[in-house]
Amino acid sequence: MLGVRGVRMGVLLPMLTAVQIQALVEATLALRRAGRDPRPELLVPMVSTPTELDFVRGLLDDVCVRLGTTRAEAGLSLGAMIETPRAALLAGPIARRADSLSLGTNDLTALVWGLSRDDAEQHVLPAYQDLGLLTASPFAQLDTEVVGALARQVADQARAVRPGITLGVCGEQAADAAAVRFFAEAGFDHVSCAVPRVPLARLAAARAAVAEDAADTHAKGEGR
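Computed from a predicted structure; not experimentally measured.

Right, let's get into the sheet that holds strand β1 (residues 41-44). In spatial order, the strands read β1-β2-β3-β4-β5; together these five strands make up an open sheet with parallel pairing. In this open sheet, the two edge strands, each paired with only one partner strand, are β1 and β5 (190-192). Pairwise comparison of adjacent strand axes, ignoring direction, gives a mean angle of 25° for this sheet. In the sheet, β1 pairs with strand β2 (residues 77-82) via four bridges, with the strands oriented parallel. Looking at the pairing, V44 lines up with A80 of β2. Running over the sheet, helix α7 (residues 105-113) touches β3 (100-104) and β4 (166-170) and is turned about 55° from β3.

Spelled out as structure tokens, the structure:
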């Protein structure tokens, strides 16, 4: 949970990262030669410091040079997963180095709460709900009080340094109707979730869009 995973493994085993990047670049170039227009997004997981993104970009650029291309020519974008509290608090510096950010609510929730889902959902959280200490599991329902506050901070900091940056959310809570509305209002562009929950997420997103349009129309009417 807190050890060698995500970008950390890529830093400790750079050849593993380079091989994966090479496969992505080669597949992209092959599709382009076939007349297609692929636009792959390389998303770096478990980022905690901007320099980790610099490290991966260096590997990506090296691979592109070896293959006789550039990241821009291959149409590759580089993004960072915001899954640690440190990354959330450093969203601005990370956004300066990234084309996109994706808020990983599952790991961010675990690290904010200091809980491991492996046992918390079996023992701690059910007991807390039975005792009335919690109304719902923070892994099932977005913790807007703290995780949500960090999400808003991520969006604000990232937009401040890169207004056009793409902001996404992934995780089980991302498909919850209330969470979709929250993230839409916070300025995120899209949510990603498990396939069975996609219809619910789409419905929630549509309702959030309708509510936003209605609010805008009401505000314009008051302005007149």
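Moving on to the pattern of salt bridges. Inspection of the entire model under this criterion finds nine salt bridges. Between R57 and D54 there is a salt bridge, with its nearest N and O atoms 3.4 Å apart. Of this pair, R57 and D54 both sit in helix α3 (residues 50-66), separated by three residues, roughly a single helical turn. Since its relative accessible area comes to 31%, D54 is described here as partly exposed. D54 is the salt-bridge partner of R97, the closest N and O atoms lying 3.0 Å from each other. Of this pair, R97 sits in the loop between α6 (91-95) and β3 while D54 sits in helix α3, and the two are 43 residues apart along the sequence. Overall, R97 belongs to the partly exposed group, its relative accessible area being 26%.

A few words on the side chain of T69. Residue position: T69 is located in the loop between α3 and α4 (71-74). We classify T69 as buried; its relative accessible area is 10%. In this structure the side chain of T69 is engaged in a polar contact, spanning 3.2 Å, whose partner is the side chain of E73. Sequence-distant contacts of T69, defined by excluding residues within four places in its chain, comprise V25, L29, C64 and A74.

One can find D176 in the loop between β4 and α10 (177-186). For D176 and A127, which are 49 residues apart along the polypeptide, the C-alpha to C-alpha distance reads 23 Å. A distance of 3.2 Å separates the side chain of D176 from the backbone nitrogen of A178, its partner in a polar contact.

Thresholds, definitions, all that
- Residue indices follow the written sequence of each chain, beginning from 1 at its first position.
- The model is predicted, so local features are restricted to residues of pLDDT at least 70 and side-chain atom pairs to those at 80 or more, both for listing and for counting; the totals for chains, interfaces and linings are taken over all residues.
- To obtain the side-chain values, all non-hydrogen atoms of the structure were included, while hydrogens and water were left out.
- Here a strand pair is declared whenever DSSP counts at least two bridges between the two strands.
- Per the convention used, a helix needs a DSSP run of H or I reaching at least four residues, while a strand needs a run of E reaching at least two, with both numbered from the N terminus.
- With axes taken as lines fitted to C-alpha atoms, and helix axes fitted only over the stretch in contact, angles between N-to-C directions fall between 0 and 180 degrees.
- Two residues qualify as a contact provided that any one of their heavy atoms is within 4.5 Å of a heavy atom in the partner residue.
- Note on definitions: salt bridges are taken to be side-chain nitrogens of Lys or Arg within 4 Å of carboxyl oxygens of Asp or Glu.
- In this scheme, a residue with accessible area under 20% of its type's maximum is buried, one over 50% is exposed, and one in between is partly exposed, where area comes from a 1.4 Å probe on protein chains only.
- Any pair of nitrogen or oxygen atoms within 3.5 Å is treated as a polar contact; in protein, a donor-acceptor pairing is required on top of that, and neighbouring residues in sequence qualify only through side-chain atoms on both sides.

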